[in-house]
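# Structural features, examined
Listed below, chain by chain, are the residues.
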Amino acid sequence: MSIRAKLKSIPVGALFEEYCSESSVHGVRFFVGNQRSACVKLTWLGVFILSLVGCGVMIQQAYNKWDRTPVIVTLSEVPTPVWDMTFPAVTICPEIKVLNTRFNFTQDFETLQSEWYQTRRNKNLTVTEENIGKLKAIIHHCPGVYKHENNFMFNFNHVPEPIALVDFLKNVSLDRRSVFTMCSSTSDARCTDYMQVTLTNEGICYSFNMISQEQMFHPDVLHNEYKYLDRWEDDASEAVGDGESQDELLKVAGSGLDAAIGFNLIHYPLKIDTSCVRGRGYKVLIHEPTVYPDLSKRNIRLSVSQTVTVALKPNIMMTSPELAKYSAQKRQCYFTHEHPLRFFRQYSQDNCELECLTNYTLQRCGCVHYSMPRTNGTRVCKLQEAHCPSTARGVLFIRKQHRNSTEDYLQQCDCLPACSSVRFDLQITQDSHTEEREVRTSIETEQELQARLQIPVYSVLQVYYQDTHFIPAQRSELHGLVDFLANCGGLLGLFIGVSLLSIVEAIYYIAVRPLSCRKRKPDTGASDDIC
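This brings us to the pairing of strand β7 (residues 203-208). In the case of a regular strand, side chains alternate between the two sheet surfaces. Counting buried positions over the six residues of β7 gives six, a clear majority of the element. With three bridges connecting them, strand β3 (residues 89-94) and β7 associate as antiparallel partners. Residue pairing in the sheet places I92 in a bridge with Y206 of β7. Taken together, the six bridges between strand β6 (residues 195-200) and β7 define a ladder with antiparallel strand orientation.

The next subject is a nonpolar patch on the surface. On the surface, a nonpolar cluster with roughly 520 Å² of combined accessible area is contributed by L42, L45, I49, V53, V57 and M58. Inspection of the secondary structure assignment puts I49 in helix α3 (residues 38-68). Since its relative accessible area comes to 43%, I49 is described here as partly exposed.

Applying the stated criterion to the full structure yields six disulfides. Paired by a disulfide, C333 and C419 hold their sulfur atoms 2.1 Å apart. With the S-S dihedral at roughly 85 degrees, the linkage between C333 and C419 falls on the right-handed side. With C333 in the loop between α10 (328-331) and α11 (349-365) and C419 in the loop between α13 (409-413) and β14 (421-432), this pair connects stretches of sequence that are 86 residues apart. As a non-bridged cysteine, C488 has C55 as the owner of its nearest cysteine sulfur, 7.9 Å distant.

Take the side chain of T358 next. Tracing the backbone through its elements, the reader meets T358 in helix α11. Setting aside residues no more than four positions away along its own chain, T358 makes contact with V368, M372 and P373.

A few words now on the pattern of salt bridges. Tallying each qualifying case throughout the model produces 13 salt bridges. In this structure, R423 engages D350 in a salt bridge whose closest nitrogen and oxygen atoms are separated by 3.4 Å. Here D350 lies in helix α11 and R423 lies in strand β14, a separation of 73 residues in the sequence. Overall, the relative accessible area of 12% leaves D350 in the buried class.

Strand order across the open sheet formed by six strands is β8-β6-β7-β3-β11-β12, with antiparallel pairing between neighbours. Each edge of the sheet is formed by a strand with only one pairing partner; in this case those strands are β8 (229-231) and β12 (300-302). Neighbour-to-neighbour, the strand axes of the sheet open up by a mean angle of 30 degrees, direction not taken into account.

Turning to the environment of H223, a few remarks are in order. Tracing the chain through its elements places H223 in the loop between α8 (213-216) and β8. Residue classification places H223 among the buried residues on the basis of a relative accessible area of 4%. A sequence separation of 152 residues divides H223 from T375, and the C-alpha atoms of the two residues are 4.7 Å apart. Those residues in contact with H223 that sit more than four places away from it in its chain are Y228, R374, T375 and N376. For H223, the side chain forms a polar contact with the main-chain nitrogen of E225, separated by 3.0 Å.

Taken as a whole, the largest pocket holds about 750 Å³ of empty space. For the largest pocket, the lining is made up of 35 residues, of which H140, K147, N201, E202 and S296 are closest to its centre. Broken down by secondary-structure element, the contributors of at least two residues to the lining of the largest pocket are β3, α11 and α12 (387-397). If you tally residues by element for the lining of the largest pocket, the top one is α12, at four residues.

Let's shift gears to the nonpolar core. Membership of the largest hydrophobic core comes to 101 residues, with the highest contact counts inside it found for F105, F208, F263, Y292 and L461. In this structure, F208 is in contact with F87, P88, A89, V90, C191, Y194, M195, L250, I261 and F263, ignoring residues within four places of it in sequence.

Applying the stated criterion across every chain yields a total of two cavities of 30 Å³ or more. Its volume calculated, the largest cavity comes out at about 70 Å³. For the largest cavity, the full set of lining residues is P94, I96, K97, H141, L169, V172, S173, L174, I204 and Y206. Contributing elements (two or more residues each) for the lining of the largest cavity: α6 (165-172) and β7. Taken together, the residues of the lining of the largest cavity sort by class into seven nonpolar, two polar and one charged. Counted as a void, the second largest cavity has a volume near 50 Å³.

Conventions and cut-offs
- Residues numbered from 1 in each chain as written.
- Predicted model: local features only at pLDDT ≥ 70, side-chain atom pairs only at ≥ 80, totals over all residues.
- Heavy atoms only, no water.
- Buried < 20%, exposed > 50% of the residue type's maximum accessible area, 1.4 Å probe, protein only.
- Helix = DSSP H or I, 4+ residues; strand = E, 2+ residues; numbered from the N terminus.
- Pairing = 2+ DSSP bridges.
- Patch = residues over 30% accessible without salt bridge, like charges linked within 9 Å, V, L, I, M, F, W, Y side chains within 5 Å.
- Areas by Shrake-Rupley, 256 points an atom, 1.4 Å probe, with all protein chains shown as cover.
- Salt bridge = Lys/Arg side-chain N within 4 Å of Asp/Glu carboxyl O.
- Disulfide = S-S within 2.5 Å.
- Contact = heavy atoms within 4.5 Å.
- Axes fitted to C-alpha atoms, helices over the stretch in contact; angles between N-to-C directions.
- Polar contact = N/O pair within 3.5 Å; in protein donor to acceptor, adjacent residues only side chain to side chain.
- 1 Å grid on protein atoms, 1.4 Å probe; cavity = no way out; pocket = protein on both sides within 12 Å on 5 of 7 lines; lining within 4 Å.
- Points joined across faces, edges and corners; volume = space filled by probe spheres on them.
- Core = buried A, V, L, I, M, F, W, Y, C linked by side-chain atoms within 4.5 Å.
- Nonpolar A, V, L, I, M, F, W, Y, C, P; charged D, E, K, R; others polar.

Following this line, the structure appears as structure tokens:
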């Protein structure tokens, strides 16, 4: 007899009655039995179904909790000492962009403006086209009033800007050897070995303790017209050796002001051009060494004749490797290998957002700001297009009241935080130099004023770690598969008394027991179905 024919001959009623009588599941034995009335059987069947429904609802809730919130953030049980950490990168951007000893922006701009409004034409101008192009290049740093559509400079759109735009801006910027008169570190006396000239949206800046350009960017994707991170070449760094670079980052020596990194910054009032700047101080950003600085998002300001002391308290976030089995959306972070960036070698949320801004600016404007990473085929925005990258930044990062999903380009970039990251809480103390704030009651002569302006103006920045130990936060698994199965087993046992053996028992009666049933004919000739 075939298996199909044998299955058709199985007495289902007898098999079900046997299962109910022998099963370890609570309540099912009351479903059968000639001694029980139909009312009792229906009552127990209803109670069993209600228990089963209640169990199913609670298992669904347990599954939703396991599926939607598998991650919990807790504080680590072991504190981390600061000397196991790398000192953060410090990027300093002078608000003064031009030395008048290298290019007199004010003189050429005022001369050109006067001649333009007098003649209303491009002929008979004493300012050469080369200098007009240089003026246009410097206006990239100027406030928005210089970029207004009614500015007379837009009548010179036909005049090209310097071909080597970035090299020109570096050449007219403040001399780094004059700006940083002293850089002191208790852990390394030659902290200028860790300095780099950095190209940012604020112009030419100086970064301390950042990784090199080769470590920051993919060289096969980035253009080769100029460098975004240029190692500081001076006498101190030459002592390291010709052709060698200081790629090792500075470690933390300790906590407190005794282990602070100090920067002395100066400028000479008579040597700077202040026509197109809002201030004469410095913008400072403290960030991870692997993060490319974007000072338009956040910065602290160091005014002239002022000492700013910054105490750091790191917020360290670590992620357990066991969370790699979950999707990034569930754990709300990316491991370094999960979200490769086009330009940057190392993933971070800030690097991802900068790359997202670059792509959005290129899509919206057809060009990018010169400080944005780009390929050889991507064009740098000219002065007449300079307003577009600023507008693109506002559209991308500022959340409007009414925004539909098609406009939310930043969300499409999916820039989640890195699974291992460090953010810094800053405790800032400011102290103005009293000798620079004295109220002068007498009228100065021109000679006295000129003599006073010959004196350099100092600013001091000190950065140090506040405490010797910090407690990092850690993402770990809140509900794993074992926890979910344990919840299911507890609920099944609570409501209907089901265990793993009960499930095996049910499988046996469904799949194995029917095949062992056979028909036997007794000698009396009566036909009885026996299993």
